[in-house]
Amino acid sequence: MGCGTSVATETQGKRVERAMKAAVLIQRWYRRYMARLEMRRRYTWNIFQSIEYAGEQDQLQLSSFFSFMLDNFTQLNGNGPDLISQLLDPVVDPWLDREICYSLILVPESYSGPRLSFPLSVSDTNALLAAFKEQQTLHARYVLQLLYETKKLLKQMPNIIHLSTSYTKEITICGDLHGRLDDLLLIFYKNGLPSAETPYVFNGDFVDRGKKSVEVVILLFAYLLLYPDNMHLNRGNHEDYIMNLRYGFTKEVMQKYKTHGQEILQLFQDVFSLLPVATVIDGKILIVHGGISDQTNLDFLSSIERHKVSGNKLRLTDGSRPSSSRSHNSVASTSSSSSSSSSSSSLCSPRTPSCISPRPCPSSPSIPYSINVLQVPFLDSLTSVPLPSPPQNEQEWKQIVDVLWSDPKIQEGCSPNTFRGGGCYFGPDVTQRLLLQHGLQLLIRSHECKQEGYELCHGGQVITIFSASNYYEEGSNRGAYIKVGRELVPRFYQYQVSRTTRKLTLTQRYVRAAEGSALRALKEKLFAHRSELMCGFQEYDQNYTGRVSVSEWALVLEAVLRLDLPWRTLRPHLARLTPDGSVEYQSCFEDMGPGIPLPQVTSNLAETLFRYRTDIEIIFNIIDKDHSGLISIEEFRHTWRLFSAHLGVAIDDSAIDDLARSIDFNKDGSIDFTEFLEAFRVVHKLDRQQEG
């Protein structure tokens, strides 16, 4: 009997041992799986963020170029106002400053949307909420009147709003919304509608990117008019005319208000320029959209005429131009004074080719730039002019740019924010110095998407709050808001609009979907920079084998694209390896092609169009003032002259004429710009096969 018991015990022990080994193996597998999933999630996030910031850098460079054109092209032409000054610095229509701007517009009886009466009441804001939930559009007459009243109110407000918790239990602080109406409605549902008992601070970037920017900003302005002491709006870097051209708000307004769109847009821009730039709670919590720099001074910021200063360039509302004391043949000094707070000189400089090759590369569409002078092809002449001086009232401009564009960093000090192209990176020492200088204890900012909707840094002295959930992709991030009471201890509330996204963020299903979208966007970047990349690869591939090492491949990608991504980790998704471990670099471009191939377009010109498609669209939208979508051959030539001046790309006029004729399909002298842009959209071959 004893022997049988021993055998049974031994057998049971072996079973337990096998079960333990199996459990350990499963645990190891699960940990590896979760680690790989987290790695994929992180590089997906990095791709989205890097491409977003690269686009903002392009936007600031384009905006600086427009400023340069305003300041210099009149002297180049010598024949009265030039094209750019008419387009970008128009005389403000005094009609928009009078009640007649909306009172003469009739609202037809057939209009079924909300009818507002001013001053607004709770029933008006409730009607707006109900209408927007039902996808209704507010009539242009009421939009203009609401903007007119908002402009009058904002003119009376200071640059920095001071609030006190002594009059209320808590103040709610929200970050970027970017046209996400669902997020705004969810905040109101969870936290309560704005009122004397539920005051709000919305910290900028109400518009762009989302499809409901008009509805979001109308609701915010309506509640501002209804509760001016309890609803507070800070300005963000997207409350800006040029940003709106690139990121969608201008197009959305013109599509929703075809008759009075121009007047509505102009009033929107006037209102945006009057938004306060900061809010202070109980003298202890500073709220700004972007951040600070080592030059930020709240007392000086309070004294700026904010409506004259844009987050991208100085607005000259009196129609004057800064006079240049330098002659056309003078060389701009490269040692101009600049602080570490914001790289204004870099914003006004032309782009530098990023090809790492020291020898000329004929396949690249870019041509070298002079460091000190800008070659400006315009009106059939190539004229060299000095780079622009920093804008007038440079200190004011820097103060605004820094609070709208800056980001915190872990390292000490303050350095130019080269990743975004504007503002600065500020370290914990910069934060602590400003807080001590002004008797503050906390800085709340927005401007950056965070996966959990918020993030603390600098020892808890800086909080980033972001309120647009699913910003990059369905399930990519939560939104959040902050509530602060009299004890001034922030409490965080998270949410996500979709019912399924909370589950998706924890599963491979989400990672796979988001990863796919991110990799597609990255491959399009590679395709748009094909010549420069090939130039860099061939520097290492002197024998033209079509192969380079993984290290060389990664070095070229970072040198050309400057996205600061983990290229070695991404390599399996972007390029093939040979049996000896080398990278077949041409495989980076295999699964992509142009939208509508045009045989008349040379490969160099086509690549330039792919790369700068968004910039071309912005310039076109400025020229196409009626937003008809059609552009004349002559306007097309103007677009190209501006485009060439912006990029320093030498493109022959005859080639442009041939291109224009080839896409004037019905030969009526007009070009459908939508079709033109479609021809220069990167198409993935798998998509084309599925469409076929």
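Above this text sits the structure in question.
Just so you know, these numbers come straight off a predicted model, no measurement behind them.

**Student:** So what's going on with the overall build of the protein chain? Residues and values would help.
**Tutor:** When helices and strands are counted, the protein chain shows 25 helices and 23 strands. Relative to its full complement of 692 residues, the protein chain shows a buried share of 54%. The long-range fraction of contacts in the protein chain, counting pairs at least 24 apart against all pairs at least 6 apart in sequence, stands at 75%. Just so you have it, the protein chain exposes about 30,800 Å², and 52% of that area is on carbon and sulfur atoms.

**Student:** Can you lay out the packing of helix H4 (residues 122-133) against helix H7 (residues 213-226) for me, pointing to particular residues and giving the numbers?
**Tutor:** Axis separation between H4 and H7 bottoms out at 10 Å; the angle between their running directions is 170°. By the angle between their axes, H4 is roughly antiparallel relative to H7. From H4, Val 122, Thr 125, Leu 128, Leu 129 and Phe 132 reach across to H7, where they touch Glu 215, Ile 218, Leu 219, Ala 222, Tyr 223 and Leu 226. Looking at the contact of H4 with H7 residue by residue, the class counts come to nine nonpolar, one polar and one charged.

**Student:** Any details on helix H10 (residues 261-274)? Residues and values, ideally.
**Tutor:** When the terminal C-alpha atoms of H10 are compared, their 20 Å separation across 14 residues agrees well with the 20 Å that a helix rising 1.5 Å per residue should span. Most of H10 is tucked away, with 11 of its 14 residues classed as buried. Every buried residue of H10 is listed here: Gly 261, Ile 264, Leu 265, Leu 267, Phe 268, Gln 269, Asp 270, Val 271, Phe 272, Ser 273 and Leu 274. As for H10, its buried residues are in contact with helix H3 (100-103), helix H5 (140-155), H7, helix H8 (241-247) and helix H9 (249-256).

**Student:** Would you mind going over helix H18 (residues 550-561) in detail, with residue names and values included?
**Tutor:** For H18, spanning 12 residues, the distance from its first C-alpha to its last is 16 Å, which sits close to the expected 16 Å at 1.5 Å a residue. The complete set of buried residues in H18 reads Val 550, Trp 553, Ala 554, Val 556, Leu 557, Val 560 and Leu 561. Along the axis of H18, the buried positions cluster into a sector of 160°, meaning they face one direction only. A positive backbone phi angle near 50° is found at Arg 562, which sits one or two residues after H18.

Here is what the cut-offs are and how they apply
- Residues numbered from 1 in each chain as written.
- Predicted model: local features only at pLDDT ≥ 70, side-chain atom pairs only at ≥ 80, totals over all residues.
- Heavy atoms only, no water.
- Helix = DSSP H or I, 4+ residues; strand = E, 2+ residues; numbered from the N terminus.
- Buried < 20%, exposed > 50% of the residue type's maximum accessible area, 1.4 Å probe, protein only.
- Contact = heavy atoms within 4.5 Å.
- Areas by Shrake-Rupley, 256 points an atom, 1.4 Å probe, with all protein chains shown as cover.
- Axes fitted to C-alpha atoms, helices over the stretch in contact; angles between N-to-C directions.
- Parallel < 35°, antiparallel > 145°, perpendicular 65-115°, else oblique.
- Nonpolar A, V, L, I, M, F, W, Y, C, P; charged D, E, K, R; others polar.
- Expected span 1.5 Å × (residues − 1).
- Arc of directions from axis to C-beta.

Note that all results are geometric; they support no functional claim without further evidence.
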